[in-house]
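Topology and contacts: notes
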Amino acid sequence: MNSSQGSTSRREFIKTSGKSAAFSALATVAIPPVHATGSDLIQIALIGCGGRGGGAAANALSVKRGPVKLVAMADLFPERLASDLNKLKQSFPSQVDVPPDRQFLGFDAYQKAMDCLKPGDIAIFATPPAFRWVHFTYAIQKGLHVFMEKPLTADGPTSKRMFALAQEASAKNLKVGVGLMSRHSRALQELADRVHNGEIGEIVLQRGYRMHGPGGYFLSLPKPPGITDLLYQVKRFHSFIWASGGCFNDFYIHLIDHLGWMKNQWPVKAQALGGRHYKVSPDGVAYVDQNFDVYSVEYTYSDGAKFFFDGRCMNGCEEIYTSCLQGTKGMGIASKSGDCGLPSSLYKSQTATPTDLIWESKVSPDEKDPYQNEWNDLMDAIRDDKPYSEVKRGVEASLVASMGRMAANTGREITFDEMLQCDHDMAPNIEKFTMDSPAPLLADANGRYPVPQPGIVTTREY
Ligand SMILES: NC(=O)c1ccc[n+]([C@@H]2O[C@H](COP(=O)([O-])OP(=O)(O)OC[C@H]3O[C@@H](n4cnc5c(N)ncnc54)[C@H](O)[C@@H]3O)[C@@H](O)[C@H]2O)c1
């Protein structure tokens, strides 16, 4: 940790690490409400020590109802693990106890980290999404509660697997939080109540926009020497559909999720446009990621209502990052700015004119951070032994994202059911990956990976 980071306060660390841009036998036993260690201490293992993993661990260590301790960490890259560990130790000196023999590296590190926990402890999954079902399977076997980051899936076969695992976890009384933090925004919770009570009538139109410059691992140059294809793709997961669903799922799922929540149903189909415009670096080298620079999706709900989503990762264009809904009696702004930015508001007309305002959210200072709220809510459910699983709706939101992406990538209308039934398993044998495994995508002689070709490749995305 460098000296400028050394003074990072607990609050700042949590704030900056919330976003990607910054930072067998037991299986049959229901988990008892009293922690199995006989003490109140809940131990945490962090699997995936990147920006969000560090943020989620910080939120876990800051819950209102402790005591909580971080005891094990797992990653593929030693520098990632060390970086999160140092920052967390600095911010939470008495709650971080991860000696070298509880720091694990490699594709099986997740098992070793979870082996350090006892039933009733919590595993955090903040790796790229492709590994979710693998890690969740093991957590269920070990009787662990879980907090897993979004998205949960990128394809049909793993979505089916995750639905089944969700049921298995609930049958064992395991509590599972999913990092779709909009659901824990107190403003969006009140907005949902008001919208569901009909304050703006029937929702007939929704709009979501996430348009800004290329961020995260949106763009990738050909793999440099000194790293395997597999590790390159895992490291730059926003670039590769198998690893994350691409930028579409990873960046856009929050708006898709909370607009579906406001409508109280999921879209049943999507048709979409997308294209690659600027896929050459300033040095003239072709980028090899699988993302389109722009996506424009028309989602349709079963009652015919529409949800238009525009995504763009381009410099020099207008930046819009917001979500809103139009009803028969007025309109609402869900996220003013960003994934779920305050305040949310309702208007009695179809324009957000201040004089037409009928409600604006007011959230108490200690509940303004949805990343912290989601952890307080999960911990309450664990400590009070209340049923708690966000997995089913997290998979559904992931499927709706994948449906929009597949519609753009193939140039065809895609239904929710077709997305779920699509048999393209994008990362076969992922549960057996080792550092030497071949990557799910193979490059051609120029280092380029297959990219979507709408209208040409239409039954799979690449
Ligand atoms: N809820 C949110 O607002 C939010 C914000 C940012 C990221 N996220 C999500 O969190 C996840 C991680 O994103 P990030 O931005 O922290 O990425 P990141 O690259 O900073 O971190 C991912 C970490 O996981 C490690 N990793 C990869 N595969 C692994 C494996 N098989 N086992 C162990 N470790 C592995 C990587 O080495 C890396 O350190 C993604 O799913 C992303 O969508 C959510």
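Preceding this paragraph is the structure being described.
Residues numbered from 1 in each chain as written. Predicted model: local features only at pLDDT ≥ 70, side-chain atom pairs only at ≥ 80, totals over all residues. Heavy atoms only, no water.

The next point concerns the packing of aromatic side chains. On inspection of all chains with the given rule, the structure shows 17 aromatic pairs. Geometrically, the ring pair formed by W242 and F433 is edge-to-face, given 6.2 Å between the ring centres and 80 degrees between the ring planes. Pair noted here: W242 is in helix α10 (residues 241-244) and F433 is in the segment after α14 (416-421), with a separation of 191 residues, a long-range link. Residue classification places W242 among the buried positions, given a relative accessible area of 2%. On the numbers, 6.2 Å between centres and 75 degrees between planes, the contact of Y252 with Y295 is edge-to-face. (Phe/Tyr/Trp six-rings, centres within 6.5 Å; stacked < 30°, edge-to-face > 60°. Helix = DSSP H or I, 4+ residues; strand = E, 2+ residues; numbered from the N terminus. Buried < 20%, exposed > 50% of the residue type's maximum accessible area, 1.4 Å probe, protein only.)

What follows covers the site of the ligand. By nearness alone, 30 residues border the ligand, and R52, D75, K150, D250 and Y371 come closest of all. R80 places a polar side-chain atom, nitrogen or oxygen, 2.9 Å from an oxygen atom of the ligand. Within the backbone of G179, a nitrogen or oxygen atom sits 3.1 Å from a nitrogen atom of the ligand. For the ligand, whose accessible area on its own is 850 Å², the fraction buried by protein is 97%. Among the secondary structure elements, those contributing two or more residues to the shell around the ligand are α3 (51-61) and α11 (246-263). A class-by-class count of the residues in the shell around the ligand yields 14 nonpolar, eight polar and eight charged. (Near = heavy atom within 4 Å. Polar contact = N/O pair within 3.5 Å; in protein donor to acceptor, adjacent residues only side chain to side chain. Areas by Shrake-Rupley, 256 points an atom, 1.4 Å probe, with all protein chains shown as cover. Nonpolar A, V, L, I, M, F, W, Y, C, P; charged D, E, K, R; others polar.)

Next up on the list: α3. In terms of burial, α3 is largely enclosed, as eleven of its eleven residues are buried. Every buried residue of α3 is listed here: G51, R52, G53, G54, G55, A56, A57, A58, N59, A60 and L61.

Counted residue by residue, strand β7 (residues 203-212) has seven buried out of ten residues, so it is predominantly covered. Taken together, the eight bridges between β7 and strand β10 (residues 306-313) define a ladder with parallel strand orientation. Across the sheet, the residue bridging to G208 is F309, located in β10. (Pairing = 2+ DSSP bridges.)

Here we take up the sheet that holds β7. Spatially, nine strands are ordered β14-β13-β12-β11-β7-β10-β9-β8-β15 in an open sheet, and the strand pairing comes out mixed. Two strands bound the open sheet, and with one partner strand each, they are β14 (357-360) and β15 (414-415). The pairing of strand β11 (residues 320-327) with strand β12 (residues 330-335) spans five bridges and is antiparallel. Along β12, the bridge assignment pairs G327 with G330. The strands that α11 touches are β7, β9 (294-300), β10, β11 and β12; relative to β7, the one it contacts most, it runs at about 155 degrees. (Contact = heavy atoms within 4.5 Å. Axes fitted to C-alpha atoms, helices over the stretch in contact; angles between N-to-C directions.)

The omega torsion of the bond from G66 to P67 falls at -5 degrees, within 30 degrees of zero and hence cis. A cis amide bond links K150 with the next residue in sequence, P151, at an omega value of -25 degrees. Position of P151 relative to the elements: it lies in the loop between β5 (145-148) and α7 (156-171). Notably, N173 is not glycine yet its phi reads approximately 65 degrees, a positive angle. Mapped onto the elements of the fold, N173 is located in the loop between α7 and β6 (176-178). The residue D385 is not glycine, and still its phi comes out positive at about 50 degrees. If you trace the backbone, D385 turns up in the loop between α12 (370-383) and α13 (391-410).

Here we come to the pattern of salt bridges. Taken as a whole, this structure holds 30 salt bridges when the rule is applied. In this structure, K64 engages D366 in a salt bridge whose closest nitrogen and oxygen atoms are separated by 3.6 Å. Of this pair, K64 sits in the loop between α3 and β2 (68-75) while D366 sits in the loop between β14 and α12, placing them 302 residues apart in sequence. Each of the salt bridges in this network shares a partner with another, and the network as a whole consists of R65, D380, D384 and K386. (Salt bridge = Lys/Arg side-chain N within 4 Å of Asp/Glu carboxyl O.)

A few words now on the pairing of β9. Counting buried positions along β9 yields five of seven residues, so the element is predominantly enclosed. Note: strand β8 (residues 269-275) against β9, seven bridges, orientation antiparallel. Bridging across to β9, G274 finds its partner in Y295. Examined bridge by bridge, β9 and β10 share seven bridges and lie antiparallel to one another. Each bridged residue has a counterpart across the sheet, and for V294 the counterpart in β10 is R312. What sits between the antiparallel neighbours β9 and β10 is a turn of five residues, in which G304 has the positive phi angle 90 degrees.

Before going further, it helps to examine the nonpolar core. Grouped together as the largest cluster of nonpolar side chains are 108 residues, with contacts concentrated most on F136, M148, W242, Y299 and V391. Apart from residues lying up to four places away in sequence, F136 is in contact with F125, V146, M148, M162, L165, A166, A169, V176 and V391. (Core = buried A, V, L, I, M, F, W, Y, C linked by side-chain atoms within 4.5 Å.)

Scope: geometric values only; no functional claims are made or implied.
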